[in-house]
Amino acid sequence: MDFYALYPCTITDLEAVKATEKKENAYCEHLKERIRRNNEEELDGQFFHGITRINLGAVTVNIRVENLPCSQEGFAFLSVHEQTKAAMMAIVIQDLHIPGLLLNNYFAGDCLTVGNGAAGVPVKEWMKKQNAQAYGTPKSLIISYEEIPKEEVIQYLACEASPIGTINGTVLHQWSQENIAQYDMATAYASDRCLLEITPKVDRDRIARLDQGAVELFFLELLIMQEAAISRVSYRVYELFHDGAFRETGKKIQTKLYDLNLEAANAVLFVNYKKLRYPVTRLSARHIGERFGVAEELEHYQNCRALLEQMIAINTAEEEKIDGDLMSLLLLFLTMVQMVPLMASLVRYLMKGTFSDIDLLATASGAMICLALYGIYRLTSRRALRRQRILREQDYKGV
């Protein structure tokens, strides 16, 4: 049995990660190349090909079995989409001697550690040292080369090693009966946390098994990257909302909102089934995407995007309010300036009893300019009232 622990994440310093790449692990290099080839052969679109895969070398994964430490060596690599910095951290363990059900249970419970014995640290803490920030929910890919009893299939899908009782849930039972594999060489089952593939017909050679894993991984990495991208956008939007920073004005917050809006637009470009060239791959990808909750992710994304657009509208209204206030002050100043010749003409009339042609022209011109300035003032006032109405509506909607 082979185990792939897949963590959605984003990269904080890609160049630093590239500088620490360890290419001496030949199995990891082979898997990276197979995923790259599958990506280029199966997917249509330059966006999907802009992925860098970085070999992080050997890692030791630890769990506790009956209060005793149990560890096994594997290798790790990062798949990074260079344009968006969305990524997948993969930890690969072949020829499991750790009990598969137990490892999957510890993985789902976020209890795995990486390192030698007592020096091991939690996976997400170790990821930070690799300049990878975890986002979203990790998924496991488990490939067994022997048949698995049906009750254990349910346990793998539930990510439970020792259930408190028999699992009777209809959803898990239904998932355990739906073989989503498209070829007769394997059976495959999936839940929202685990993809289990049973392939007794595959060669037991490690390279052949890595090739089998790459068949699933080239699309799984896109699913994982999309989850990372959406989770990061959601986190930043809600952080901005709770801080109330979107109500501030100035170039800095406008740039932040613009960048966040651009990031949100790119977050949902990873999963596009129509970009898969072959129907069998497309069907398989749809099944996995449904199980992994892509639809729920997109629904959450739409809610988050709507909140972001409301914050942008409020920020824009605040900026326009400041511009309107400045315009009103300018109009008031210009009106006062225009009143000076009018008052001078009025004083001369009271003293001499007549208007000169120049006084008449100055008076008429000043009156027309004052009327024009009054019209502009009314227009800006209406815009200000409309902005206030927008703000009230946004507040009513809960922003």
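Relevant structure appears above.
So, a few notes on the structure that sits alongside this text. (Residues numbered from 1 in each chain as written. Predicted model: local features only at pLDDT ≥ 70, side-chain atom pairs only at ≥ 80, totals over all residues. Heavy atoms only, no water.)

## Considering the overall build of the chain
Okay, step 1: Each helix and strand counted, the chain has twelve helices and ten strands in total.
Okay, step 2: Per-residue burial over the chain gives 46% buried out of 399 residues.
Okay, step 3: Considering only intrachain contacts with a sequence separation of at least 6, the fraction spanning at least 24 residues in the chain is 74%.
Okay, step 4: As displayed, the chain offers around 20600 Å² of accessible surface, 55% of which is attributable to carbon and sulfur atoms. (Helix = DSSP H or I, 4+ residues; strand = E, 2+ residues; numbered from the N terminus. Buried < 20%, exposed > 50% of the residue type's maximum accessible area, 1.4 Å probe, protein only. Contact = heavy atoms within 4.5 Å. Areas by Shrake-Rupley, 256 points an atom, 1.4 Å probe, with all protein chains shown as cover.)

## Thoughts on the pairing of strand β10 (residues 194–198)
Okay, step 1: Judged by how many residues are buried, β10 sits mostly within the fold: five of five residues are covered.
Okay, step 2: In β10, alternate side chains face the same way, and those of C194, L196 and I198 on one face and L195 and E197 on the other are all buried.
Okay, step 3: As paired elements, strand β8 (residues 139–144) and β10 share five bridges and run parallel to each other. Following the sheet pairing, L141 is matched in β10 by L195.
Okay, step 4: With four bridges joining them, strand β9 (residues 187–190) and β10 adopt antiparallel strand pairing. Paired with T187 across the two strands is I198, which belongs to β10. (Pairing = 2+ DSSP bridges.)

## Considerations on the packing of aromatic side chains
Okay, step 1: Under the counting rule described, the total for this entry stands at four aromatic pairs.
Okay, step 2: With 5.8 Å between their ring centres and 80 degrees between their planes, F3 and F107 make a pair best called edge-to-face. One end of the pair, F3, is in strand β1 (residues 2–11); the other, F107, is in helix α4 (residues 100–108), and 104 residues separate them in sequence.
Okay, step 3: The exposure class assigned to F3 is buried, which follows from its relative accessible area of 1%.
Okay, step 4: What makes F107 buried here is its relative accessible area of 2%.
Okay, step 5: Plain terms: the ring middles of F219 and Y273 are 6.1 Å apart, the flat faces sit at 35 degrees to each other, and that makes the pair tilted. Of this pair, F219 sits in helix α8 (residues 206–243) while Y273 sits in the loop between α9 (251–266) and α10 (279–291), and the two are 54 residues apart along the sequence.
Okay, step 6: The exposure class assigned to Y273 is buried, which follows from its relative accessible area of 14%.
Okay, step 7: Ring-pair connections join several aromatic residues into one group, and the members of that group are F3, Y7 and F107.
Okay, step 8: Across the ring face of F292, the terminal group of K139 is positioned such that the distance to the ring centre comes to 5.6 Å.
Okay, step 9: In this structure, R206 packs its charged tip against the face of Y27, placed 3.8 Å from the ring centre. (Phe/Tyr/Trp six-rings, centres within 6.5 Å; stacked < 30°, edge-to-face > 60°. Lys NZ or Arg CZ within 6 Å of the ring centre and 35° of its normal.)

## Structural notes on the side chain of N39
Okay, step 1: When you line up the elements, N39 lands in helix α2 (residues 26–42).
Okay, step 2: A relative accessible area of 1% places N39 in the buried class.
Okay, step 3: Once residues lying within four places of it in the same chain are set aside, the contact partners of N39 are F48, H49, I51, R53, F218 and E221.

## Focus: the environment of M185
Okay, step 1: Among the structural elements, M185 can be located in the loop between α7 (170–177) and β9.
Okay, step 2: Expressed as a C-alpha distance, the spacing of M185 and T199, which sit 14 residues apart in the sequence, is 6.2 Å.

## Remarks on helix α6 (residues 150–158)
Okay, step 1: Regarding α6, the residues found buried are V153, I154, Q155, Y156 and L157.
Okay, step 2: For α6, the elements touching its buried residues are α4, β8, α7, β9 and β10.
Okay, step 3: Note on α6: the residue one or two positions beyond its end, C159, has a positive phi of about 60 degrees.

## Re the pairing of β1
Okay, step 1: Taking burial as the measure, the ten residues of β1 include ten buried ones, the bulk of the element.
Okay, step 2: Going residue by residue along β1, you find D2, Y4, L6, P8 and T10 tucked away on one face and F3, A5, Y7, C9 and I11 tucked away on the opposite face as well.
Okay, step 3: Where β1 meets β8, five bridges bridge the pair, whose relative direction is antiparallel. For Y4, the partnering residue across the bridge sits in β8 and is L141.

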